[in-house]
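As a plain string of letters, each chain reads:
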Amino acid sequence: MKAAVVVFPGSNCDRDLAVAFRAAGFDTAMVWHKETTLPDGIDVVGVPGGFSYGDYLRSGAIAARAPVCRAVADHAVRGGYVLGICNGFQVLTETGLLPGALMRNTGIKYICRTVPLVVGPADSPFTAQYEAGETIRIPIAHHDGNYTAAPDVLARIRDEGRVAFAYGDNPNGSAHDIAGVLSDNRRVLGMMPHPERAADPALGGTDGRRLFAGLAGEFAAA
Amino acid sequence: MKARVIVMLKSGVLDPQGEAIRHALGAMGFDRVEGVRQGKVIELDLAEDTTDPEIAEMCERLLANTVIESYRIERV
């Protein structure tokens, strides 16, 4: 059971994400953005939060064109699992692996606080250890978390049960309160909140732990 | 040769930064401002024989996120 965490210049949640993967039992490698391939046998790729390339042009835009992202896209196309958190979510939308885009928060401000999230359908590996409709508390820390997509895309995401997490009290203007979106095969998740920051009882809660445990369970069962 | 790419949020997409600028202008007493949209300008220094389709491809693949943004190319 192996995970890889991609590291861009400006990533700053990469080590926290690796700690969370390891705590869930994943053998975890760090992969520099200039790599053109992932290590052999990777099951899950984590795209971490931070400010890749200083958020130049658009958040995640330059990172999405980095050599390693081609390998991440190939991994996803082969049915591999990908978890993008915060800047990682922005990168996944910029690569086109997930629909939509993340715009500036409607209140303009950078928001850093723990927020309630309502868990969507529990039929994805990322949500398998939660109850559908359960409210959990996970920190957010972003400036560009305002999720948007064309109306038909939003309708499809909703109808297909691909909103993995929704804000209980929308902090940033996201359409349909969307905090996290799944790919159509439910193996790619992008989310603005930081589950890796809520995965240790010493550090502000453990509600994020079950996301990693659910993902690990996917491989234990196989 | 140079080209200038103007990237704007598509009409209909809420522009919170433009709104903030509009508010600030209003607070300064410029009460005739009815709307503000903020975009970006990217200037490209290009080889002489660069074609319009090449510049458009740069816009489509990197310079603009066409989910939310539109772009316009001006040759300078």
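Data block above holds the structure.
Residues numbered from 1 in each chain as written. Chains lettered and ligands numbered in written order. Predicted model: local features only at pLDDT ≥ 70, side-chain atom pairs only at ≥ 80, totals over all residues. Heavy atoms only, no water.

Describing the side chain of Asn87 of chain A
Residues and elements named next belong to chain A. The criterion, for reference: In DSSP terms, a helix is any run of H or I states spanning at least four residues, a strand is any run of E spanning at least two, and both are numbered starting from the N terminus. Summary of the burial criterion: residues with accessible area below 20% of their type's maximum are buried, those above 50% are exposed, and those between are partly exposed, where the area comes from a 1.4 Å probe applied to protein chains only. Any two residues whose heavy atoms approach within 4.5 Å are treated as being in contact.
By the element assignment, Asn87 lies in helix H3 (residues 87-95). Classification of Asn87 as buried rests on a relative accessible area of 0%. Setting aside residues up to four positions removed in sequence, Asn87 forms contacts with Pro48, Gly49, Gly50, Phe51, Ser52, Asp55, Ser59 and Gly60.

Here's the deal with the side chain of Thr93 of chain A
Along the chain, Thr93 of chain A falls in helix H3. When residues no more than four places from it in sequence are discounted, the contact partners of Thr93 of chain A are Leu98, Pro99, Gly100, Ala101 and Leu102 of chain A.

A closer look at H3 of chain A
Residues and elements named next belong to chain A. Extensive coverage of H3 is indicated by the burial of 8 of its 9 residues. Taken together, the buried positions of H3 are Asn87, Gly88, Phe89, Gln90, Val91, Leu92, Thr93 and Glu94. Phi for Gly96, located one or two positions after H3, is positive at around 90°.

Let's talk about unusual backbone geometry
Residues and elements named next belong to chain A. You will see that Leu57, though not glycine, has its phi angle at about 70°, which is positive. Its place among the elements puts Leu57 in the loop between strand S3 (44-47) and helix H2 (67-77). Note on Leu57: relative accessible area 24%, which makes it partly exposed. Even without glycine at this site, Arg186 takes up a positive phi of about 65°. With respect to the helices and strands, Arg186 occurs in the loop between strand S10 (178-182) and strand S11 (188-191).

Quick look at the nonpolar core
As a reminder, the rule being used: Only buried residues count toward a nonpolar core, which is a set of Ala, Val, Leu, Ile, Met, Phe, Trp, Tyr and Cys residues joined through side-chain atoms within 4.5 Å.
Counting 69 residues, the largest nonpolar core has Phe21 and Phe165 of chain A as its most contacted members. Counting 10 residues, the second-largest nonpolar core is a separate cluster that includes Val7, Ile42, Ile55 and Cys59 of chain B.

What to know about the pattern of salt bridges
Residue and element names in this part refer to chain B. For clarity, the cut-off: Here, a salt bridge means any Lys or Arg side-chain nitrogen found within 4 Å of an Asp or Glu carboxyl oxygen.
Taken as a whole and judged by the stated rule, the model has 15 salt bridges over all chains. Where Glu19 meets Arg22, a salt bridge forms, and the shortest distance between an N and an O atom there is 3.0 Å. Here Arg22 and Glu19 lie together in helix H1 (residues 16-27), a separation of 3 residues that amounts to about one turn. On the basis of relative accessibility, which here comes to 28%, the residue Glu19 falls in the partly exposed class. The residue Glu74 makes a salt bridge to Arg72 at a minimum N-O spacing of 3.2 Å. Arg72 gets classed as partly exposed once you look at its relative accessible area, which sits at 46%.

Observations concerning the sheet that holds strand S4 (residues 81-85) of chain A
All names here are of chain A. Threshold: Strands were regarded as paired on the criterion that DSSP finds at least two bridges between them. An axis is simply a line fitted to the C-alpha atoms; with a helix, the fit covers only the stretch in contact. Between two such axes, the angle follows the N-to-C directions and lies from 0 to 180 degrees.
Ordered by their spatial adjacency, 9 strands build an open sheet running S2-S1-S3-S4-S11-S10-S9-S6-S7, and the pairing between neighbours is mixed. Looking along the sheet, the strands with just one partner apiece sit at the ends: strand S2 (27-32) and strand S7 (135-142). The sheet shows a mean angle of 20° between the axes of neighbouring strands, taken without regard to direction. Sheet analysis places S4 next to S11, joined by 4 bridges and oriented parallel. Residue pairing for S11: Ile85 is matched across the bridge by Met191. With respect to the sheet, H2 is in contact with strand S1 (2-7), S2, S3, S4 and S11, its orientation differing from that of S4 by roughly 130°.

Considering the sheet that holds strand S1 (residues 2-9) of chain B
Residues and elements named next belong to chain B. Ordered in space as S2-S1-S3, the 3 strands form an open sheet in which the pairing is antiparallel. The two strands at the open ends of the sheet, each matched to only one other strand, are strand S2 (40-45) and strand S3 (69-75). On average, each strand axis in the sheet is tilted by 20° relative to the strand beside it, whichever way the strands run. As judged from the 7 bridges shared by S1 and S3, these two strands associate in the antiparallel manner. Along S3, the bridge assignment pairs Ala3 with Arg75. Sheet contacts for helix H2 (residues 52-63): S1, S2 and S3; angle to S3, the most-contacted strand, approximately 150°.

Considering the environment of Tyr53 of chain A
Tracing the chain through its elements places Tyr53 of chain A in the loop between S3 and H2. When neighbours within four sequence positions are excluded, Tyr53 of chain A is seen to be in contact with Phe8, Pro9, His33, Ile62, Ala63 and Ala66 of chain A.

Some points on the environment of Trp32 of chain A
Residue and element names in this part refer to chain A. With respect to the helices and strands, the residue Trp32 is situated in strand S2. Trp32 gets classed as partly exposed once you look at its relative accessible area, which sits at 43%. Between the C-alpha atoms of Trp32 and Ala66, which are 34 residues apart in sequence, the distance is 9.9 Å. Ignoring anything within four residues of it in the chain, the contact list for Trp32 reads Val7, Phe8, Pro9 and Val68.

Points about the packing of aromatic side chains
Residue and element names in this part refer to chain A. Counted only if it meets this: Two rings from Phe, Tyr or Trp (for Trp, the six-membered ring) form a pair when their centres are within 6.5 Å of each other. A pair whose planes differ by under 30 degrees is stacked, one over 60 is edge-to-face, and the rest are tilted.
For the coordinates displayed, the defined rule picks out 8 aromatic pairs over all chains. Taken together, a centroid distance of 6.4 Å and an interplanar angle of 55° make the contact between Phe8 and Tyr53 tilted. Here Tyr53 lies in the loop between S3 and H2 and Phe8 lies in the loop between S1 and helix H1 (14-23), a separation of 45 residues in the sequence. Summarising the aromatic geometry, the rings of Phe21 and Phe212 are spaced 5.5 Å apart at their centres and angled 85° between planes, so their arrangement reads as edge-to-face. Placement of the pair is Phe21 in helix H1 and Phe212 in helix H5 (residues 209-221), with a sequence separation of 191 residues. The burial state of Phe21 is the same as that of Phe212; both residues are buried. Among the aromatic residues, ring-to-ring pairing joins Phe21, Phe26, Tyr81, Phe212 and Phe219 into one connected group.

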